[in-house]
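# Examination of the molecular architecture
Residue strings, one per chain:
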Amino acid sequence: MDLETRTCQNHLKKESWRTVLTLAYQSLGVVYGDLSTSPLYVYKSTFDEDIMHTETNEEIYGVLSFVFWTLTLVPLLKYVFIVLKADDNGEGGTFALYSLLCRHAKLNPLPSFQLADEELSNYKKDINTHAPTTFGAKVKSTLERYRVLQRFLLVLALIGASMVIGDGILTPAISVFSAVSGVELSLGKEHHKYVEVPVACMILIALFSLQHYGTHRVGFLFAPVVVTWLLCISAIGIYNIIHWNPYVYRALSPYYMYKFLKKTQTRGWMSLGGILLCITGSEAMFADLGHFSQLSIKIAFTSIVYPSLILAYMGQAAYLSRHHVMESDYQIGFYVSVPEKIRWPVLVIAVLAAVVGSQAIITGTFAIIKQCSALGCFPRVKILHTSSTIHGQIYIPEINWTLMLLCLAVTVGFRDTRRMGNAAGLAIITVMLVTTCLMSLVIVLCWHQSVSFAICFVIFFGTIEALYFSASLIKFLEGAWVPIAMAFIFMIVMCIWHYGSLKKYEFDLQNKVSVDWLLSLGPSLGIVRVRGIGVIHTELVSGIPAIFSHFVTNLPAFHQVLVFVCVKFVQTPHVRHEERFRVGYIGPGEYRIYRCIVRYGYRDAHKDDSQFQDDLVCNIAEFIRTGNTGLNSNAADLKNFEDSTAVGTASTHVSRVQLREDDEVKSDSVGTSELREIHPSQLTKAKKSVKFVISETTKIGRGAHEELKELMEAREAGIAYILGHYYVQAKQGSSLFRRIVINYGYEFLRRNSRPLTYALTVPHASTLEVGMVYHI
C-alpha cells in the first residue's frame, strides 16, 4: 500500500508540473506579447533627438546598461518576486490591490455593503487582525478615521485605471507602427511614408474588428507567435554579438550608466523616457494573474522572456557599436541590425507579435473597465463573455470601438514612434507608481510586515520610477500630453458616475418605505393579487424601495408572489455559487413577499436570464424548506428582514431543492423513489409544468408545503419584471457645481449607459417600467 500511495503522489506531482508548464507556455501569448515587442522601438525612441550615437560608444553602452538594470529591477525583482504575491484571491491589477486594501481596512465600502458580506469564504481569506499596539493597526485606524485619505486612495486607484485605459490606446499604436516601420529599409525614403501609416491603420482596424470573436478563438496562435518572435530576436542578438562585438557584455556594468549621465547630462536624463519603454507590458504580469498562476508567470519570464530580451538588446548594441554612420535617415532602430536577407520574414513575424501584444493590452483594458463598472466607478456598459469556460475573456463593444478610433487618431496624428513613445512611457510609469504606492500599504496592512520594509520598498522602487516619470513628464509638449488628457477625461467620467451613483443610493435609502407601512395594509394588502411572480429590482438591501409604493399607489395590483431582487457587487473577485443568494421574508410569510440579495464578485460572469430565473426560484424554495418559521409566526418578529435571511444554494445541487419543467403534467411520484416531486394540482389543459424535486428523507411542514405549492403555481404562470426608470435632478438650493454635475454630467452618462438590469438580460416582453424623478 505504501508503494501504491507513493506512486500516486508522484503521478499527481507530475500532473501538477505539467499543468504549470502548460500555463507558462500559454502565458507567453497572453501576458508577454507587449513586453516582448519592446525591442522594436526602444533604441529608436531613445536616440531620436535627445542624444547622438558617437564613435566612443559611451551613449549606446550607457543605454544598454540602463535597459539591463531596468529590466532586472522592475519586471524581475519588483513584479516577479514581490508584487505577484499581493494577489486578491488569485486576481491581480490596480483595482485588485485597492479591493484587497478595502477589505482589510474598510477604506471605501460600497453603499450596499453588509456585515454578512464579510462571511463569504473568499472575502475572509487570509484576513488577520492587527495587534492594537502595532504600526499596522495605527495606519488602519487612521485610514478608517479620515475620509480625505480614503478619497485620496480611491482617486489614486482611478488614476491607475485611467492610465491603463490610456495604455490600451497607445500601446497598439506604437507596437503596430514600429513593426510596420521595417518597410522603410526595403522601399526607400521616397515611398515608405506613404505606406507605413495606411498599413498600420489597416492592421489596427482589423485587430479591433476581430475582438468580438474572443481571445480563445485565436488564442492557440498567440503563444507560438510570441515564442517564434522571442527565438528570432534571441538568434539575431546572438549573431550580432558574435559577429560584431563579443565584448558588449561589459556594458552591463552600472559604471556605464554613470558615464552616460556624466557625458550627456540633461539630454541623457530626457532620453530616459525612451529607455522606459523597455518595460512596456510589465504590469500585464500582475494584471493577468487571474488567468494563470504565480509560478507559471515566473517560469515563463525568468526562463524565456527575460534572457531573450537581454540578448536582443545586447545584439542591437553590438551592431550599433560598429556602425556609427547610417546610409539612410533610419539611423537607430531594430530593423537596421537585422541581416538584410531575413528582414522581410522578420518583418512579418514582428507584425504578428505586435498584434498579439496589442491583443493582450486590449483585453486588459476590457477587464479593468469591467472591474470599475462593477464597483460603481464607471458607467454600465455592455459586457459580452466570449468564452464559456474562461470568465476573464470578455468583449465590450462600446469600449472596443472607442479604443479603435482613439488609436487611429494617435497613429495618424503622430506618425512617428518618438511622440508615441513619449505618450506611452508616461502612461506606463504612472501605473507603476500607483502600484508601488498601493503595494506599500498592502505590505503593512495585509502582509503584516514591518514598516521599514514598506518604506524601503517605496524609496527604492519609487525613486527609480520617479526618475523615469520626470523624464517622461518633461516631454509634455512632445506627446506626453496625450495620456494626461485621456486620463483626465476618464477620471472626470469615473468621478461623476461614482458621485452621482452614491447620491442616488442615498436618496433611495432616505425615501425607502418601512416594513410597518406594508404591515399596516393587512394580509390582503387591499389590492388585487394576480397569478405569477413579480420581480422588482432595487439597489436597497433593506426596506422597501419608494418605487414600489409609487407603483402600488397608481396601480393597486401585483403578483401573488413578489420578490425584491438586489443585485450587488462585493469587493472580492469571485463569489462561490452556493453563497451567491441570500433570501428572506418581507413581512409575514402569508404575504408571499420575499427579498433576494444576489452577490457577485467584480470579476464574476453573469448568467443568462433563464438560468438566473431558475436559480432565483430554487433559492426561494430552499429558503422556504429550511428557513420557514411557520405561517403562524408573530408578525412583529418578522419586521426586521435582516434577521430572517438565509444563504441560498445552487439549483443544481442534488441534495437541495431542484427545479424540473415538463411539457406535460405528471402524477405524483411513488414513495419508492429517492426523490419526490411537489407540483401544483392538475390543470385541465396540457401545458408546461413546474415541479420542485426534494430528497425523500427531507421533512417539510404543512405550511412550507403549501407555500412551495403556491410558488410553483406562480412560476408556471410566468415571471414579470418591474423596473424603475429614474430621472435624476439636483434638488433645489444646490450649488452651481452640483447642478452641472448632476443635471448635465451624471444625467448624460445615465442616459447613455446600460440599464442596471442589463447584465441579467431581462426579457423585454416581461418587463414593466415605472418612472420616477429623483431629486438628489
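Computed from a predicted model, the values in this text were never measured in an experiment.

Scanning the protein chain from N- to C-terminus turns up 25 helices and twelve strands. In the protein chain, which comprises 776 residues, the share counted as buried stands at 56%. Sequence separation of at least 24 residues holds for 82% of the intrachain contacts in the protein chain that already meet a minimum separation of 6. About 33,000 Å² of surface is accessible on the protein chain, with carbon and sulfur atoms providing 60% of the total.

The next subject is the packing of aromatic side chains. The full count for this structure, using the stated rule, is 24 aromatic pairs. Taking the centre distance of 5.8 Å and the plane angle of 80° together, the rings of tyrosine 43 and tyrosine 313 count as edge-to-face. Within this pair, whereas tyrosine 43 is found in helix H3 (residues 42-46), its partner tyrosine 313 is found in helix H15 (residues 294-320), the two being separated by 270 residues in sequence. The pair tyrosine 43 / tyrosine 313 is uniform in exposure class, with both members buried. Pairwise contacts between aromatic rings join Tyr61, Tyr255, Tyr256 and Tyr258 into one cluster. Above the plane of the ring of tyrosine 727 lies arginine 750, whose end atom (NZ or CZ) is 5.8 Å from the centre.

Empty pockets left among the atoms are what a rolling probe the size of a water molecule brings to light. One number sums up the size of the second largest pocket: a volume of about 530 Å³. Lining the second largest pocket are 21 residues, and of these Arg151, Cys495, Ile496, His498 and Tyr499 lie nearest its centre. Taken together, the residues of the lining of the second largest pocket break down into twelve nonpolar, four polar and five charged.

This brings us to the pattern of salt bridges. Proximity of charged atoms lets side chains of opposite charge pair with each other. Summed over the entire model, instances satisfying the criterion amount to 15 salt bridges. The shortest N-O distance in the salt bridge between glutamate 58 and lysine 259 comes to 3.7 Å. Of this pair, glutamate 58 sits in helix H4 (residues 58-80) while lysine 259 sits in helix H11 (residues 255-264), and the two are 201 residues apart along the sequence. The class of glutamate 58 is partly exposed, set by a relative accessible area of 23%. Between glutamate 59 and lysine 263 there is a salt bridge whose closest N-O contact spans 2.9 Å. Placement of glutamate 59 in helix H4 and of lysine 263 in helix H11 is noted, with a sequence separation of 204 residues between them. Salt bridges here are not isolated pairs; linked through shared partners, they connect Glu58, Glu59, Lys259 and Lys263.

A few words on the environment of glycine 274. Examined against the element boundaries, glycine 274 turns out to sit in helix H13 (residues 272-275). Sequence spacing of glycine 274 and tyrosine 41 is 233 residues, and the spatial spacing of their C-alpha atoms is 8.4 Å. The residues contacting glycine 274, other than those within four sequence positions of it, are Val42, Ser45 and Thr46.

Let us look at the pairing of strand S6 (residues 593-601). Counted residue by residue, S6 has nine buried out of nine residues, so it is predominantly covered. Burial along S6 is two-sided: the residues Ile593, Arg595, Ile597, Arg599 and Gly601 and Tyr594, Cys596, Val598 and Tyr600 are all buried. The pairing of strand S4 (residues 557-570) with S6 spans nine bridges and is parallel. Residue pairing for S6: leucine 562 is matched across the bridge by isoleucine 593. Taken together, the five bridges between strand S5 (residues 581-585) and S6 define a ladder with antiparallel strand orientation. The residue of S6 that forms the bridge with tyrosine 585 is tyrosine 594.

Attention now moves to H11. Buried within H11 are the following residues: Tyr256, Met257, Phe260 and Thr264. The buried residues of H11 occupy an angular sector of 105° when projected down its axis, which confines them to one face. Contacts from the buried residues of H11 go to H4 and helix H12 (266-270). In the segment just after H11, glutamine 265 is the residue with positive phi, at about 55°.

Another aspect to go through is a nonpolar patch on the surface. Taken together, the side chains of Phe135, Val451, Ile455 and Ile459 define a hydrophobic patch exposed on the protein surface, amounting to about 350 Å² of accessible area. Sorting elements by how many residues they give to the nonpolar patch places helix H19 (residues 451-473) first, with three residues. For isoleucine 459, the position within the fold is in helix H19.

Once that is clear, we can look at the packing of helix H17 (residues 397-414) against helix H18 (residues 417-445). Two quantities define a packed helix pair, namely the angle between the axes and the distance from one axis to the other. Orientation of H17 relative to H18, taken along the N-to-C sense of each, is 135°, at an axis distance of 8 Å. Classified by the angle between their axes, H17 and H18 sit oblique to one another. For H17 against H18, the interelement crossing comes out right-handed. Between H17 and H18, the contacting residues are Val410, Thr411, Gly413 and Phe414 on the first element and Arg419, Met420 and Ala423 on the second.

Attention now moves to the packing of H18 against H19. Where H18 contacts H19, the axes come no closer than 9 Å and their chain directions differ by 170°. Judged on the interaxial angle alone, H19 and H18 are roughly antiparallel. Per-class residue counts for the contact of H18 with H19 are 17 nonpolar, six polar and one charged.

Turning to empty space enclosed by the protein, a few remarks are in order. Counting across every chain of the model gives seven cavities of 30 Å³ or more. Counted as a void, the largest cavity has a volume near 350 Å³. Lining the largest cavity are 23 residues, with Val164, Glu283, Ala284, Ala287 and Ile361 positioned closest to its centre. Those elements that place two or more of their residues in the lining of the largest cavity are helix H7 (147-180), helix H14 (283-287), helix H16 (343-374) and H18. Per element, the largest residue contribution to the lining of the largest cavity is seven residues, and it comes from H16. Its residues assigned to classes, the lining of the largest cavity shows nine nonpolar, nine polar and five charged.

Turning next to the pairing of strand S11 (residues 719-729). With four bridges connecting them, strand S3 (residues 528-537) and S11 associate as parallel partners. Bridge pairing in S11 links isoleucine 536 to isoleucine 722.

Take unusual backbone geometry next. Despite not being glycine, asparagine 57 has its phi angle at roughly 65°, a positive value. Even without glycine at this site, glutamine 265 takes up a positive phi of about 55°. With respect to the helices and strands, the residue glutamine 265 is situated in the loop between H11 and H12. Accessibility expressed as a relative area gives 55% for glutamine 265, which makes it exposed.

Turning next to the side chain of glutamine 316. Structurally, the position occupied by glutamine 316 is in helix H15. Leaving out residues up to four positions away in the same chain, glutamine 316 has contacts with Pro39, Tyr43, Gly333, Phe334 and Ser337.

The next thing to look at is the confidence of the model for the protein chain. Per-residue confidence for the protein chain averages 79 on the pLDDT scale, and 78% of its residues sit at or above 70. Of the regions scoring below 50 in pLDDT, residues 629-655 engages in 59 contacts with residues more than four places distant in sequence or in other chains.

Quick look at H19 now. Glycine 462 marks where H19 bends most, by close to 30°. Check the buried side of H19 and you find it contacts H4, H12, H13 and H18.

The topology assignment puts arginine 603 in the loop between S6 and helix H23 (609-627). The exposure class of arginine 603 is buried, given its relative accessible area of 6%. It is 9.5 Å that separates the C-alpha atoms of arginine 603 and isoleucine 368, two residues lying 235 residues apart in sequence.

Reading guide: rules and limits
- Residues numbered from 1 in each chain as written.
- Predicted model: local features only at pLDDT ≥ 70, side-chain atom pairs only at ≥ 80, totals over all residues.
- Heavy atoms only, no water.
- Helix = DSSP H or I, 4+ residues; strand = E, 2+ residues; numbered from the N terminus.
- Buried < 20%, exposed > 50% of the residue type's maximum accessible area, 1.4 Å probe, protein only.
- Contact = heavy atoms within 4.5 Å.
- Areas by Shrake-Rupley, 256 points an atom, 1.4 Å probe, with all protein chains shown as cover.
- Phe/Tyr/Trp six-rings, centres within 6.5 Å; stacked < 30°, edge-to-face > 60°.
- Lys NZ or Arg CZ within 6 Å of the ring centre and 35° of its normal.
- 1 Å grid on protein atoms, 1.4 Å probe; cavity = no way out; pocket = protein on both sides within 12 Å on 5 of 7 lines; lining within 4 Å.
- Points joined across faces, edges and corners; volume = space filled by probe spheres on them.
- Nonpolar A, V, L, I, M, F, W, Y, C, P; charged D, E, K, R; others polar.
- Salt bridge = Lys/Arg side-chain N within 4 Å of Asp/Glu carboxyl O.
- Pairing = 2+ DSSP bridges.
- Arc of directions from axis to C-beta.
- Patch = residues over 30% accessible without salt bridge, like charges linked within 9 Å, V, L, I, M, F, W, Y side chains within 5 Å.
- Axes fitted to C-alpha atoms, helices over the stretch in contact; angles between N-to-C directions.
- Parallel < 35°, antiparallel > 145°, perpendicular 65-115°, else oblique.
- Left-handed = near helix turned anticlockwise from the far one by under 90°.
- pLDDT = per-residue confidence, 0-100.
- Bend = angle between axes of the 7 residues up to and from the residue.

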